Amino acid sequence: MAQQVKRAFKYRFYPTDEQARELLRTFGCVRLVYNRALDERTRAWDDEQRHISYAQSSAALTQWKKTEELSYLAEVSCVPLQQALRHLHSAFGNFFAKRAKYPRHKSRKKSRASAEYTRSAFTWREGKLTLAKTAQPLDIRWSRPLPERTEPSTVTVSRDAAGRWFVSLLCEDRIEPALATTATIGLDAGIISLVTLSTGEKVTNPRYERRDRVRLVRAQRELSRKKKGSANRAKARRKVARVHARIADRRRDFLHKLSTRLVRENQTVVIEDLTVRNLLKNGRLARAISDAAWTDLRMMLEYKCAWYGRELVVVDRWFPSSKLCGTCNTVREKLPLHVREWTCDCGTVHDRDLSAARNILAAGLAASACGDGVRPQRESSRTGQSSVKQEPQRATAGISRLQVGEEVKRWPSRSRGAVVVRGG
């Protein structure tokens, strides 16, 4: 059954000099309003133990515009300023719900320069977009069409560090589920091979950052020689940003193509839960892990499975996928990273990555069949018995590696447990 979703379509555009000046002023005003409102909220709580609501921040914004110091806030569109206050309110909501850290100030040099316009602050006519306070429509490069008979409800204009301008149009889109299939697949993430599939295919890691490392090093060396605050340093900084943008764009394009293929060809996709934040603490592998972008691949698989009616199963990171023998169910005590092939005591020779992918697939199918998560046994286990073993043999055929004594527990977070995401 098709589903209606809100989907953002991002395009590049080329503003005129007048539009660029207006947008840059808007970016600065948005940043100032956000920081000033954040300071007011922090001061009110520290001094008076008082919370400030969005309505109070909006009323304060009206008073700021009347002062001589901040009168220029009235010269730009008021909608992006109000949206900045709403974003700050949402940031505090996430903080109090313990989903995020305390909101931080926006920086002119480090923060993303953007402004959000709602329906009252832009005009959409015959496929042309005109923002408030501008006289001409934006010169947008339509790399793909918008959904038929739809209009954007929100427009976000941004400028990246490389000086490129983008506009993101939020629209209602109707997504048809993909054709049903019986294929299932398990993925083992790696560095040499970006992912190893349970079918035996190994997707080579393109290593885009490594390919452009010489160009990046040269650009960073030139930047370090420029005097701070000079125009030449600004040019050198944009050159470095363009190299980074090239790397990120190519990597994102590759991951989108890979994730789309996996979702379209398989009904169930099983991946391993990886704590990339902790893995990045390894100084020898941090750069290679960052270049692999495992988190981005997982994020793409999550929302595409939900869109196209597929099932995504995330197996607990403590599951011994690499050290488990799928033939005799023996778990090897140690398996260093440099060991890519190993021989079990039963005589079976295992390719480390391929064996891990197949073990991940089997564990994920077992978790999906019984509706439980997969975790290794802990001493604090209350049951000490795997609910997977209560499934009939037909449902667990080929998954005998889940032994009695393993704990199978529901855990709806990314950190532990097998999370099943069903689309449709």
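Since this is a predicted model, take the numbers as computed values, not measurements.

(A) Summary view of helix α6 (residues 231-265). Taking 1.5 Å per residue, 35 residues should reach 51 Å; α6 reaches 51 Å between its end C-alpha atoms and fits that length. Looking at α6, one finds that the buried residues are Ala236, Val240, Ala241, Val243, Ala245, Ile247, Arg251, Leu255, Leu258, Ser259, Leu262 and Val263.

(B) Expanded view of the nonpolar core. Ranked by size, the top nonpolar core spans 40 residues in total, and within it Tyr117, Leu129, Leu131, Val155, Val157, Val167 and Leu169 carry the most contacts. With nine residues, the single largest contributor to this core is helix α1 (residues 17-48). Ile185, Leu197, Leu262 and Val276 belong to the second largest nonpolar core, which has 28 residues in total.

(C) Looking closely at the packing of aromatic side chains. Summed over the entire model, instances satisfying the criterion amount to 11 aromatic pairs. Between the aromatic rings of Tyr208 and Phe254, the centroid separation amounts to 6.4 Å while the plane-to-plane angle is 70 degrees, which identifies the pairing as edge-to-face. Residue Tyr208 is found in helix α4 (residues 208-211), and its partner Phe254 is found in helix α6; the two are separated by 46 residues along the sequence. Classification of Tyr208 by relative accessible area gives buried; the value is 11%. Look at Phe254 and you get partly exposed, because its relative accessible area is 23%. Seen in terms of ring centroids, Tyr303 and Trp307 are 4.9 Å apart; in terms of plane orientation they differ by 65 degrees. Their pairing is edge-to-face.

Cut-offs used in this document
- The numbers attached to residues start from 1 for each chain and follow its sequence in the written order.
- Whole-chain, interface and lining totals are the exception, using all residues; otherwise, since this is a predicted model, local features are given only for residues with pLDDT of at least 70 and side-chain atom pairs are given and counted only at 80 or more.
- Working from all heavy atoms in the structure, the side-chain values ignore hydrogens and water.
- Helical segments are the DSSP runs of H or I of at least four residues, strand segments are the runs of E of at least two, and each set is numbered from the N terminus.
- Expected helix span is taken as 1.5 Å per residue step, with the number of steps being one fewer than the number of residues.
- Here the term buried applies to any residue with accessible area under 20% of the maximum for its type, exposed to any over 50%, and partly exposed to those in between, with areas from a 1.4 Å probe on protein chains only.
- As used in this record, nonpolar core signifies buried Ala, Val, Leu, Ile, Met, Phe, Trp, Tyr and Cys residues forming a set joined through side-chain atoms within 4.5 Å.
- Classification of ring pairs uses Phe, Tyr and Trp, with its six-membered ring standing for Trp, and accepts pairs whose centres are within 6.5 Å; under 30 degrees between planes counts as stacked, over 60 as edge-to-face, and the remaining range as tilted.

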